[in-house]
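# Structural overview for review
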Amino acid sequence: MKRYHPLLAACHWLVAIMVLIALVVGGPGLAELKNTDPQKLTALAGHMVWGLVIGGLMLGFLATRVFSRKPPYAGAEHSTLKFGRLFTHVALYVLVLAMVFSGLGIAVSADLFAVAFGGSEAPLPASFSDIPARTIHGIVATLLLLLIALHMLGWAYHQFILKDRLVSRMWFGKRSS
């Protein structure tokens, strides 16, 4: 077997794209809107749904990762690189889930589900910055961006230095040759 399960590949790429969009567009876009702007609620509702979908996909990804057969380890590498690979992947999973749960923490603390989806006429809070989960959400977003950059460096190392086509394992096609 040369490739990961197709469901794993699909979840990987969907989560990757959705997380990048949420981090690059969602966060900064929401920050630019004042909480009194009527468009903020629509944008916030979209961001919440987007985050919940990411969480569901991530849980599907992890379940598939645990229960599906995996291709054999790609090859020998220095123990530091092996540790880096394991650390980076586990940290990515943890940070994506931390983003989802800290977002849920913000939503619960500010009663956003009732405001965004339940028809409540309550206004958004004057600021989200006094909600501890918001602070965590911001810190995790920064760490996640840094870790994604590290993950991309790992891909570039394999693609352009080792030239081992490692990324093809997380793509679609025949799983065995």
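Residues numbered from 1 in each chain as written. Predicted model: local features only at pLDDT ≥ 70, side-chain atom pairs only at ≥ 80, totals over all residues. Heavy atoms only, no water.

## A short note on unusual backbone geometry
The residue D111 is not glycine, and still its phi comes out positive at about 55°. Take D111: it is sitting in the loop between helix 3 (79–109) and helix 4 (112–117). Despite not being glycine, K163 shows a phi value in the positive range, around 50°. Mapping K163 onto the fold places it in the segment after helix 5 (132–162). (Helix = DSSP H or I, 4+ residues; strand = E, 2+ residues; numbered from the N terminus.)

## Remarks on a nonpolar patch on the surface
The grouping of I17, L20, I21, V24, V25, W50 and L145 at the surface amounts to a nonpolar patch, some 600 Å² of accessible area in total. Broken down by element, the residue count for the nonpolar patch peaks at 5 residues, all from helix 1 (residues 6–32). Within the secondary structure, I17 is located in helix 1. (Patch = residues over 30% accessible without salt bridge, like charges linked within 9 Å, V, L, I, M, F, W, Y side chains within 5 Å. Areas by Shrake-Rupley, 256 points an atom, 1.4 Å probe, with all protein chains shown as cover. Salt bridge = Lys/Arg side-chain N within 4 Å of Asp/Glu carboxyl O.)

## Here we look at the nonpolar core
Soluble, globular proteins show a tendency: their nonpolar side chains are buried together. Counting 27 residues, the largest nonpolar core has V19, L23, I54, M58 and L144 as its most contacted members. For this core, the secondary-structure elements that each account for two or more residues are helix 1, helix 2 (38–67), helix 3 and helix 5. Setting aside its immediate chain neighbours within four residues, I54 contacts V15, M18, V19, A22, V96 and V100. Among the nonpolar cores identified, the runner-up in size contains 12 residues, and M48, I106, L112 and I131 belong to it. (Core = buried A, V, L, I, M, F, W, Y, C linked by side-chain atoms within 4.5 Å. Buried < 20%, exposed > 50% of the residue type's maximum accessible area, 1.4 Å probe, protein only. Contact = heavy atoms within 4.5 Å.)

## Some remarks on the layout of surface pockets
Looking at the largest pocket, its volume works out to about 1,400 Å³. Looking at the largest pocket, it is lined by 44 residues, and the ones nearest its centre are R85, H89, H151, W155 and L166. Of all the secondary structure elements, the ones that give two or more residues to the lining of the largest pocket are helix 1, helix 2, helix 3 and helix 5. Here the residues of the lining of the largest pocket are counted per class, giving 30 nonpolar, 9 polar and 5 charged. The computed volume of the second largest pocket comes to approximately 700 Å³. What lines the second largest pocket is a set of 34 residues, among which G27, L30, H47, I106 and H137 lie closest to the centre. For the lining of the second largest pocket, the secondary structure elements donating two or more residues are helix 1, helix 2, helix 3, helix 4 and helix 5. Here the lining of the second largest pocket gets 8 residues from one element, more than from any other, and that element is helix 2. (1 Å grid on protein atoms, 1.4 Å probe; cavity = no way out; pocket = protein on both sides within 12 Å on 5 of 7 lines; lining within 4 Å. Points joined across faces, edges and corners; volume = space filled by probe spheres on them. Nonpolar A, V, L, I, M, F, W, Y, C, P; charged D, E, K, R; others polar.)

## Let's talk about the confidence of the model for the protein chain
Across the protein chain, pLDDT averages 91, with 96% of residues at or above 70. Ranking the helices and strands of the protein chain by mean pLDDT puts helix 4 first, with 96, and helix 1 last, with 92. (pLDDT = per-residue confidence, 0-100.)

## Observations concerning helix 2
Taking 1.5 Å per residue, 30 residues should reach 44 Å; helix 2 reaches 45 Å between its end C-alpha atoms and fits that length. Two or three places before Q39, at the start of helix 2, stands the capping residue D37, its side-chain oxygen 2.8 Å from that residue's backbone nitrogen. (Expected span 1.5 Å × (residues − 1). Polar contact = N/O pair within 3.5 Å; in protein donor to acceptor, adjacent residues only side chain to side chain.)

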